[in-house]
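# Chain and residue survey
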Amino acid sequence: MKDKNKLYAYFGHHKCASTWVNSILSTVLQDSGYSYRQVFRSKDFQQNLSSFIKNNKIDVLAYANANYKYTKEIDFYKAFHVVRDPRDIVVSGYFSHLHSHSTDHWPELMDHRLALSKVSKDDGLFLEMEFEKQFFEHMYNWNYNQKNVFECKMEDLVRSPYTIFPEIFNFMELLDTTDFTTKKKIVELLIILSNKLSRKYQKICSWKLKYNKIPVQRVLYSIFDQRFSKLTKGRKEGAENVKHHYRKGVAGDWKNHFNQEHCRYFKNEYNDLLLKLKYEQF
């Protein structure tokens, strides 16, 4: 059984592949019997993350728009944190906010979408740089020297998911790398089926079977199941659909959209962030 006092966490930021990462994590961990909860903004936990975790008996927290102001107040056991080249965030955000991002729980986005729809792409990128300021501040103010947090760039994670995700699970002491015997396969299947039934019929079922450590094969399968070509119904990385949540799937796309004025403006406003995140300069 997992130590009841241990918490595991994923900390991400807006437009840093949080939907993809969350899909992989939630599938693996919920099927393995862990209580999994995702939050986006401080209002989701009433500005008290520590009490929220305790009151909801959370094993694994996914905080998609992580703010160090709140995470520093919790006693988590192990976590990982994902960042992305902020220039790619601007481009990804522009297309997502103009076309595909849901406004159901984010009414503030509606005004921004309307503003983007009224201007050219070049002007829209300037609007997007300003809109992303709040999220860039969270990335800049993050503490990148926490020994119990695995730091990761989204570009590396997307490029080598079958290597880095197991490293993350191993860092969080959740990975079983021993031989996957027939007995283990049967036990895994029973645990997964049991937990899926429990979630489906949670009003009448309260049982939960839990892995102490998760077979690496289970992690790898979930990554494969969430591959880009499947999520986009056959599209390969680099093949663009501007109205799809998974628009293009490649790093460095900002070079295809930023002109000299965009580069100059971004450098004036956010060069310190690029330096801190150790991304290549203009």
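What comes next is a walk through the structure. Just so it is clear, the structure is predicted and the values come from calculations on it, not from any experiment.

## A look at the environment of phenylalanine 131
Position of phenylalanine 131 among the secondary structure elements: in helix H6 (residues 121–131). A relative accessible area of 16% places phenylalanine 131 in the buried class. Sequence spacing of phenylalanine 131 and glycine 93 is 38 residues, and the spatial spacing of their C-alpha atoms is 9.1 Å. If near-sequence neighbours (up to four positions away) are discounted, phenylalanine 131 is found in contact with His97, Trp106, Leu109 and His112.

## A closer look at the pairing of strand S3 (residues 60–63)
On S3, burial covers both faces: Val60 and Ala62 on one face and Leu61 and Tyr63 on the other are all buried. One ladder, built from four bridges, connects strand S1 (residues 8–11) with S3; its direction is parallel. Paired with alanine 9 across the strands is leucine 61, a residue of S3. Pairing analysis gives four bridges linking strand S2 (residues 36–39) to S3, with the strands arranged parallel. Note on S3: the bridge partner recorded for tyrosine 36 is valine 60. Read from S2 through helix H2 (residues 49–55) to S3, the crossover connection turns out right-handed.

## Things to note about the nonpolar core
Formed by 30 residues in total, the largest nonpolar core has its most connected members in Leu29, Phe80, Leu157, Phe165 and Phe169. Take this core: its biggest share by element is six residues, from helix H1 (residues 18–31). Excluding anything up to four places from it in sequence, leucine 157 contacts Trp20, Val21, Val82, Cys152, Ile164, Phe165 and Ile168. Among the nonpolar cores identified, the runner-up in size contains 22 residues, and Tyr94, Leu116, Tyr270 and Leu274 belong to it.

## Overview of helix H11 (residues 216–225)
Buried residues of H11: Val216, Arg218, Val219, Ser222 and Ile223, and no others. Angularly, the buried residues of H11 cover 160 degrees about the axis, an arc narrow enough to put them on a single face.

## Overview of helix H7 (residues 133–140)
Among the residues of H7, those classed as buried are Phe135, Phe136 and Met139. Seen along its axis, H7 keeps its buried residues to an arc of 100 degrees; they face one direction. Residues of H7 that are buried sit in contact with strand S4 (78–83), helix H4 (86–100), H6 and helix H13 (260–277).

Rules used throughout
Residue positions are given per chain, counted from 1 along the sequence in the order it is written. Totals for whole chains, interfaces and linings use every residue, but because this is a predicted model, local features are given only for residues with pLDDT of at least 70 and side-chain atom pairs only at 80 or more, for both listing and counting. To get the side-chain values, take all heavy atoms of the structure and skip hydrogens and water. Counting from the N terminus, the helices are DSSP H or I runs at least four residues long and the strands are E runs at least two residues long. When a residue's accessible area, from a 1.4 Å probe over protein chains only, is under 20% of the maximum for its type it is buried; when over 50% it is exposed; and in between it is partly exposed. Every residue pair with non-hydrogen atoms within 4.5 Å of one another is taken to be in contact. DSSP calls a pair of strands paired once it identifies at least 2 bridges connecting them. Seen with its strands pointing away from the viewer, a crossover is right-handed when the path leading from the first strand over the helix to the second is clockwise. Only buried Ala, Val, Leu, Ile, Met, Phe, Trp, Tyr and Cys residues count toward a nonpolar core, and they belong to the same one when joined by side-chain atoms within 4.5 Å. Arc, as used here, means the arc of the directions from the helix axis to the C-beta atoms.

Any link to function would need more than the numbers given here.
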